Protein chains: 4
Amino acid sequence: MTQQPPQSEPTQSPAEVLAFANQVIAAQSFSTLIGAQFTDITPSQATLRVPLREDLRQHHGFAHGGLMSAMADISLTFIGALALGPNVLTSEFKINFVRPGVGEELVSRASVVSATKRQAVTRCDIYAVKGGDEKLVATALGTIVLADVPTSAANGPTTETEGS
Amino acid sequence: MTQQPPQSEPTQSPAEVLAFANQVIAAQSFSTLIGAQFTDITPSQATLRVPLREDLRQHHGFAHGGLMSAMADISLTFIGALALGPNVLTSEFKINFVRPGVGEELVSRASVVSATKRQAVTRCDIYAVKGGDEKLVATALGTIVLADVPTSAANGPTTETEGS
Amino acid sequence: MTQQPPQSEPTQSPAEVLAFANQVIAAQSFSTLIGAQFTDITPSQATLRVPLREDLRQHHGFAHGGLMSAMADISLTFIGALALGPNVLTSEFKINFVRPGVGEELVSRASVVSATKRQAVTRCDIYAVKGGDEKLVATALGTIVLADVPTSAANGPTTETEGS
Amino acid sequence: MTQQPPQSEPTQSPAEVLAFANQVIAAQSFSTLIGAQFTDITPSQATLRVPLREDLRQHHGFAHGGLMSAMADISLTFIGALALGPNVLTSEFKINFVRPGVGEELVSRASVVSATKRQAVTRCDIYAVKGGDEKLVATALGTIVLADVPTSAANGPTTETEGS
C-alpha cells in the first residue's frame, strides 16, 4: 500500500504519541491488569509488549489465547486511532493462533492496511520472545471505525460500538 | 442444525462436566485472573460468567474489548472440547463488538454450529447483565480442531495450535 | 436478542420487499451470472437460493467455495440493508466451510444479530439441498454499515466501502 | 516471518507450478466461469487475475463483493496448497472490503503467514487495476488445513472440509 494513513495529530512527535498511548493504557484498568505497554510507535507501526507473567497462562503453561486476543484488541484499536483520531470504536477483529506462546514476553506489532476518513482496516502480528528469539504466535485483522458522536470524555479509543 | 455433536465423555453427568470445566479454568492462571467461571453446561450450551470488576475496564469505564475477546476464546474453545474431546486447539475466531459492556457481569453463551471428528465450528454471544437485564455486547465465531498428538499432559483444551 | 432491527421501509409488504430484493439482484450482473434469487424474505430472515449448475463447481464436483462466499456476501448485505436502509456498504465478513456442497441447490438463510442506526452485524447459514434434505455447508458472520453520502444512484446495497 | 513454508513438491520449477495451478483452475468450472487465471507463482506469492468483465459487477458497476470473495477463496486455498501439498481443505477465511473495485482487472496476491505440517494461515490482498494503476480493494486472512484421508482423486486443493 502506498497510501498514507491520515495522521490525526501531525504535530506530535513520536515520543509524544507514545506517551499519549501509554496514558490511554494506564486509564484502562484491564490493560494495566495484564501489564500491557506500548514501547515504540512510528507512523506506520505500533509495538505493544506484555511480559509473560505466571498469571497470564493456560493450563499447559503457555500464554493464554485470551491474553493474545486482548493484545490484538488493544493493538488493532490503537493503530486505528492513530489513523482516524482518538474517538474511535473497534467494530470487529479476527485472530489466528499459529503456535504456543512460550517465553518471557509477548510483543504485538500493528499496522494500518487501509484507511479512509471513517474506517481503518488494521492488522497485527503477535510474537513470543524467548532468549531474544521471536516466534510468530498469532496474527489478527480488524476494523476500526470513527465514533459517531464526539464526546467530551473522548480522551482515547474505545473498544465497543455505539450503544442503542 | 440437527446433527448431534459427538459427546466426548457421554457417561459424565452435567454436574461432572461443569466441575471438569471449572477445574480447567482453575488451572489457567489467566482465566483465574479475570475471574471467569462456568455456571451452566448442557450438551448444547456452555455458559461462562465474569463479574465486571473495576480492574476489567477500558478508559470510559466499560468492559474492555480485550476482556470480551478473552471470554470468547475461553467459551469457544470449551464448547469445542465438549464436542471433540479435551485434546483440542483453537485455530482462530472472529468477534464483533455491538454495544458497550455496562453492568455487573458479562455472560457468554457458547454452542456448536457444526462438528466433524476433527473440527468444530463454534459460536458464542456475550451479554452484559445490568439489574437483571441482559444486552448483547459481542458475538463470536470460531474454529476448534483436534490436536494431532495426544499428550500425556492433556487435561483440558489448549488455545494454540501445535508448535513447529 | 430481543431488539427489533429498525425496518427501513415499514410500509412495504413482504412481497414488495422480495420483489425489490430481486430487482437489486437483477441489476447485479454477477448475481445474475451465478443464478442467485431471493425466494423468501421476512422481517427476521432472508432466503437466497442458487441452483447448483454444472458451471458452479470445483474440481471434485462439489459446490465451489467461492460460490458459497459470494452467496454469503449477497445474503449478509441484503439482510443488513433490510435493517439499515438500502444505502449500505459491506465492511467485512468471515465464512467457515463445514462440509462439501453436494446436491441440486444451495440455500442461504440470513438474519440480523444486532443493529444500531449505522451498523448491522449479520449472519447466514448456507445449506446444500439434496433430494429434499438440507445439510449445513457453511456459516458466515459479517458487518454492514450505512454509507456516508446518500447518492442519487442509491437504489440498492453496495458491497464495498467508500472510495478515498 | 523467517520460517520457510515447506514446499510440497520441491522439484517443480515455477513454470511447472504455475501450469499445475491453472490446470486446477481449469478443472473448476466456477473458476473458469469467472475467468480466474494464475499469472505468476513464486515460493512466497501466488498472483491470480480476473478481467473485470461486464457480467462480474454489482448494480453500481463496481466489481461485485462476491467476486472478490471468490478470488480470496481461490487465492488463499492455492497458496496454502503450495505449503501443505495438494490435498488440502479451506477451513475458513475473513475478508475486508476497503474500496470499490473499478478498472479493467482485479489481481489478488496471496502469501503464507505461517505453516505447520497440518495447517497454513494465508493472506491475500486484492487490487483493482485501472490504466496501470493498482488500488487495494480488499484484504483477506484464512486457514487452510491438510485433508485427513488421502484420496486417489486428489489432484488439487478442495475448498470444503470433510463430510460427516
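Residue positions are counted from 1 within each chain, in the order its sequence is given. Chain letters and ligand numbers both follow the written order, the letters beginning at A and the numbers at 1. Thresholds applied to this predicted model are a pLDDT of at least 70 for local features of residues and 80 or more for the giving and counting of side-chain atom pairs; totals over whole chains, interfaces and linings are not thresholded and use all residues. Only hydrogens and water are set aside; all other atoms, that is, all heavy atoms of the structure, feed into the side-chain values.

Caption draft 1: A look at the interface of chain A and chain D. The partner chain D presents 20 residues to the 20 residues of chain A that form the contact. Joining two parts hides part of their accessible area as seen by a 1.4 Å probe, and the buried area is that hidden amount summed over both. When chain A packs against chain D, close to 1500 Å² is buried across both sides, 59% of that on carbon and sulfur atoms. Should a side-chain nitrogen of Lys or Arg be within 4 Å of a carboxyl oxygen of Asp or Glu, the pair is scored as a salt bridge. The interface formed by chain A and chain D contains 2 salt bridges. In this structure, A:Lys94 engages D:Glu92 in a salt bridge whose closest nitrogen and oxygen atoms are separated by 2.9 Å. Polar contacts, as counted here, are pairs of nitrogen or oxygen atoms within 3.5 Å of one another; within protein the pair requires one atom able to donate a hydrogen and one able to accept it, and residues that are adjacent in sequence qualify only if both atoms are side-chain atoms. Summed over the shared surface of chain A and chain D, the number is 4 residue pairs in polar contact (both at pLDDT 80 or more). At the level of secondary structure, the elements contributing two or more residues to the side of chain A that touches chain D comprise β3 (88-97), β4 (105-115), β5 (119-130) and β6 (133-146) of chain A. When checking whether two residues touch, look at their non-hydrogen atoms; a contact exists if any pair is within 4.5 Å. Put simply, DSSP marks the helices as runs of H or I at least four residues long and the strands as runs of E at least two long, and each gets a number from the N terminus on.

Caption draft 2: Broad picture of the side chain of D:Thr47. Looking at the element boundaries, D:Thr47 is found in strand β2 (residues 45-51). Those residues in contact with D:Thr47, other than ones at most four positions away along the chain, are D:Gln37, D:Phe38, D:Thr39, D:Asp40, D:Val107, D:Ser108 and D:Arg109.

Caption draft 3: Looking closely at helix α3 (residues 65-84) of chain C. Residue and element names in this part refer to chain C. Taking 1.5 Å per residue, 20 residues should reach 28 Å; α3 reaches 28 Å between its end C-alpha atoms and fits that length. For every residue, the accessible area obtained with a 1.4 Å probe (protein chains only) is divided by the maximum for its type, and the residue is called buried under 20%, exposed over 50%, and partly exposed between those limits. Counting buried residues along α3, 20 of its 20 residues qualify, which places the element largely inside the surrounding structure. Glycine 85 sits one or two residues past α3 and shows a positive phi near 105°. The span you would expect from a helix comes to 1.5 Å times its residue count less one.

Caption draft 4: The arrangement of the relation of the copies chain A and chain D in detail. Least-squares superposition aligns the copies on the C-alpha atoms of those residues with pLDDT at or above 70 in both. Note on the identical chains: chain A maps onto chain D by a rotation of 180° and an axial translation of 0.0 Å, with an RMSD of 0.0 Å. What we have between these two chains is a two-fold relation. Comparing interface residues between copies, 100% of those in chain A also sit at the interface in chain D, which points to an isologous, same-surface contact.

Caption draft 5: Representation of the UniProt feature "domain: Thioesterase" (unreviewed entry) in chain A in the model. UniProt positions are given in the numbering used here, feature names are shortened, and annotations may be inferred rather than shown by experiment. Under the UniProt annotation, "domain: Thioesterase" (unreviewed entry) lies at residues 60-132 of chain A. Across residues 60-132 of chain A, helical content stands at 27% and strand content at 45%; the span's end C-alpha atoms are separated by 22 Å.

Caption draft 6: Looking closely at the pattern of salt bridges. One pass over the structure, following the stated rule, counts 28 salt bridges over all chains. For the salt bridge of B:Glu54 with B:Arg57, the shortest nitrogen-to-oxygen distance reads 3.6 Å. Exposure remark for B:Arg57: the relative accessible area of 16% places this residue in the buried category. Taken together, the shared-partner salt bridges in this structure form one network comprising A:Glu92, B:Lys94, C:Glu92 and D:Lys94.

Caption draft 7: Spatial organisation of the packing of helix α1 (residues 14-27) of chain B against helix α3 (residues 65-84) of chain B. All names here are of chain B. Axis definition: a line fit to C-alpha positions, over the contact stretch in the case of helices; interaxial angles, taken between N-to-C directions, run 0 to 180 degrees. As a packed pair, α1 and α3 sit with axes 12 Å apart at the nearest point and diverge in direction by 135°. Our classification of the angle between α1 and α3 gives oblique. Crossing angle aside, the handedness with which α1 passes α3 is right-handed. Two secondary-structure elements touch here, α1 through Val17, Phe20, Ala21 and Ile25 and α3 through Ile74, Phe78 and Leu82. Roughly parallel means an angle under 35 degrees; roughly antiparallel means over 145; roughly perpendicular covers 65 to 115; every other angle is labelled oblique. Here a crossing is taken to be left-handed if its near helix is turned anticlockwise relative to the far helix by less than a right angle, and right-handed if that turn runs clockwise.

Caption draft 8: Structural view of the sheet that holds β4(A). Between any two strands, pairing holds if DSSP finds at least two bridges. Strand order in the open sheet made by the 12 strands is β1(A)-β2(A)-β4(A)-β5(A)-β6(A)-β3(A)-β3(B)-β6(B)-β5(B)-β4(B)-β2(B)-β1(B), with antiparallel pairing throughout. Both edges of this open sheet fall to β1 (37-42) of chain A together with β1 (37-42) of chain B, since each of them pairs with a single strand only. On average, adjacent strands in this sheet sit at an angle of 20° to one another, irrespective of strand direction. Pairing geometry for strand β5 (residues 119-130) of chain B and strand β6 (residues 133-146) of chain B, over 12 bridges, is antiparallel. Paired with B:Lys130 across the bridge in β6(B) is B:Asp133. Seen against the sheet, helix α3 (residues 65-84) of chain A touches β1, β2 (45-51), β3, β4, β5 and β6 of chain A together with β3 (88-97) of chain B and runs at an angle of roughly 135° to β3(A).

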